[in-house]
Amino acid sequence: MVTPSLPAATATAPKKLKSRPSIKESIQLKLWLKAGGLCSFHGCQEPLNYDSLTLHETNFSNIAHIVAFSEDGPRGKHPLPIARRNDYDNLMLVCTHCHKLIDSKENEHKFPVDLLHAYKRTHEEQVEFARELVQKRSKTHLVRCRANIQNEMVQISLEEIQDAIQPRYPASRRFTDLDLTRFAGDDSPAYWQSKKQEVSQAIEKMLTPGGATDAVEHISVLAMGPMPLLMHLGNCLSNKIPTDLFQRHRDTERWAWKTEGKVLDFTFTKVKDGASADVVLALSLSGRVRLETLIGGPLEAATIYEISLDGEAPSPTFLNRKETLANFKTVYRKAISQLSNQHPGLKTIQMLPAVPAPIAVLCGRELLHKADPVLAVYDFNKDKNGFDFTMEVNNGR
């Protein structure tokens, strides 16, 4: 699109006033910018840099005086001083047709000064609203969760974040930054409770007006950490705010979703009927959940269900496509609904996860507060060769 040259002020006074001063270029530019290059007459919004019929590009704009420069011109009897009639507040950017309409003698009385000011103000507010809307849709608030892998901290740099979230941009340099580092021996109830509280407080601060940001309208989560804490993180995030989840890919060490490769699906099956009222949901995705380790434990008599990859073996590298994450979301929501229907009065699901980080976050975020069961989340303890209870998710705390 060709940038139009700035127009000279269109004469609204009789020809005898040839000495009328021209409109300053700075004011002309402001009119173009505030009007968005469109006619400011109410309901017109004709583009002023090209002809809508032939699409030929040139400057079709007029700058109309609301109060004419001359007292003999349209609305010229207004008490506005002559010295202020070339000011920005007294000018409108319009098309030739609308300029002729509002300045013609037969129609002048239909377009008084106050009405034209209202037309201009409304149009410029609409242009500004559209600009702000586009800008808001381009920004996202960042939640970064860093953790250690084999006792080495994995950092997530700003460059990695920008690469992943494009075409969006960080809404602020002030990230919601969570350190979910876990070292050997960090299996005590005190550790889980302390970290759970840190996550709750950080997300509450982010979502509180005047906190980390004034208005969170989109969230991007780049997370690594223990699965129970990531599920709690997801549960703290509002499911009313659009949220994108990202995965760190081991082969490329990038967080951006891949656009090539197979999109995978999932199955939800009952593994065994149990004698107790306990219900176990195993997520065998990054690896196989070793259900045999439940023998001899408190969940031995539970009814067990499992979500697994459809036609694929569990793998830590299966999650490459955003579409695969969406497929899991569909199956997971159906699973939660079916468990509630098949086990009336079910209050708690015993969750055994072997999943990538974004799926852990999604598991917590997709739960309906006060409607879905609580998740009692377990963590596999290699030293014990079994599962330890860590925390409850979706319990309102």
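Residue positions are given per chain, counting from 1 as you read along its sequence in written order. Confidence filtering applies because this is a predicted model: local features only for residues at pLDDT of at least 70, side-chain atom pairs given and counted only at 80 or more, and all residues used for totals across whole chains, interfaces and linings. By convention in this description, side-chain values take in all heavy atoms of the structure and omit both hydrogens and water.

K.L.:
Requested: an account of the pattern of salt bridges, with residues and values cited.
P.N.:
The rule for a salt bridge is simple: a side-chain nitrogen of Lys or Arg has to be within 4 Å of a carboxyl oxygen of Asp or Glu. This model, assessed by the stated rule, comprises 18 salt bridges. When the shortest N-O distance is used, the salt bridge between Arg 84 and Asp 87 registers 3.9 Å. Its relative accessible area of 31% is what places Asp 87 among the partly exposed residues. With its nearest N and O atoms 3.0 Å apart, the salt bridge here joins Lys 262 to Glu 312. Taken as a pair, Lys 262 in the loop between strand S8 (243-246) and strand S9 (266-272) and Glu 312 in the loop between strand S11 (303-309) and helix H7 (322-342) lie far apart in primary sequence, 50 residues in all. Linked by salt bridges that have partners in common, Arg 144, Arg 146 and Asp 177 make up one network. A simple rule labels every residue: compare its accessible area, found with a 1.4 Å probe on the protein chains alone, to the largest value its type can have, and call it buried under 20%, exposed over 50%, or partly exposed in between. Here a helix means four or more residues in a row that DSSP labels H or I, a strand means two or more in a row labelled E, and each is numbered from the N terminus.

K.L.:
Account for the environment of Thr 140, with residues named and values stated.
P.N.:
The residue Thr 140 is located in strand S3 (residues 139-149) in this model. With 194 residues separating them in the primary sequence, Thr 140 and Lys 334 have C-alpha atoms 29 Å apart. If sequence neighbours within four positions are ignored, Thr 140 has contacts with Ile 165, Arg 168, Tyr 169, Pro 170, Ala 171, His 218, Ile 219 and Ser 220. Contacts described as polar in this section are N or O atom pairs within 3.5 Å, which, within protein, must combine one atom able to donate a hydrogen with one able to accept it, while residues neighboring in sequence count only if both atoms come from side chains. Side chain to side chain, Thr 140 and His 218 meet in a polar contact 2.7 Å long. Any two residues whose heavy atoms approach within 4.5 Å at even a single point are treated as in contact.

K.L.:
An account of unusual backbone geometry is needed here, citing residue identities and associated values.
P.N.:
A cis geometry characterises the amide bond from Gln 166 onward to Pro 167, with omega recorded as 15 degrees. By secondary structure assignment, the location of Pro 167 is in the loop between helix H4 (158-165) and strand S5 (169-170). Of note, Glu 253 is a non-glycine position whose phi angle comes to about 55 degrees, a positive value. Counting through the fold element by element, Glu 253 comes out in the loop between S8 and S9. Exposure remark for Glu 253: the relative accessible area of 49% places this residue in the partly exposed category. Positive phi, normally seen in glycine, also occurs at Asn 394, with a value near 80 degrees.

K.L.:
Can you tell me about the sheet that holds strand S14 (residues 386-393), naming the residues and giving the values?
P.N.:
Overall, mixed pairing links the six strands, which are arranged S9-S11-S10-S12-S13-S14 in an open sheet. At either margin of the open sheet sits one strand with a lone partner, and together these are S9 and S14. When strand polarity is set aside, the average angle formed by the axes of neighbouring strands in this sheet is 25 degrees. Note on pairing: DSSP must find at least two bridges between two strands before they are called paired. Bridge analysis of S9 against S11 gives six bridges, and the strand direction is antiparallel. Within the sheet, the bridge partner assigned to Phe 266 lies in S11 and is Leu 309. The strands touched by helix H6 (residues 227-236) are strand S10 (279-284), strand S12 (348-354), strand S13 (374-381) and S14; relative to S14, the strand with the most contacts, the crossing angle is about 20 degrees. A fitted line through C-alpha atoms serves as each axis, taken over the contacting stretch for helices, and the angle formed by two N-to-C directions is quoted from 0 to 180°.

K.L.:
Please set out helix H8 (residues 357-365) residue by residue, giving values where relevant.
P.N.:
With nine of nine residues buried, H8 lies mostly within the body of the structure. Among the residues making up H8, those that are buried are Ala 357, Pro 358, Ile 359, Ala 360, Val 361, Leu 362, Cys 363, Gly 364 and Arg 365. Here the buried face of H8 lies against strand S7 (219-223), H6, S8, S10, H7 and S13.

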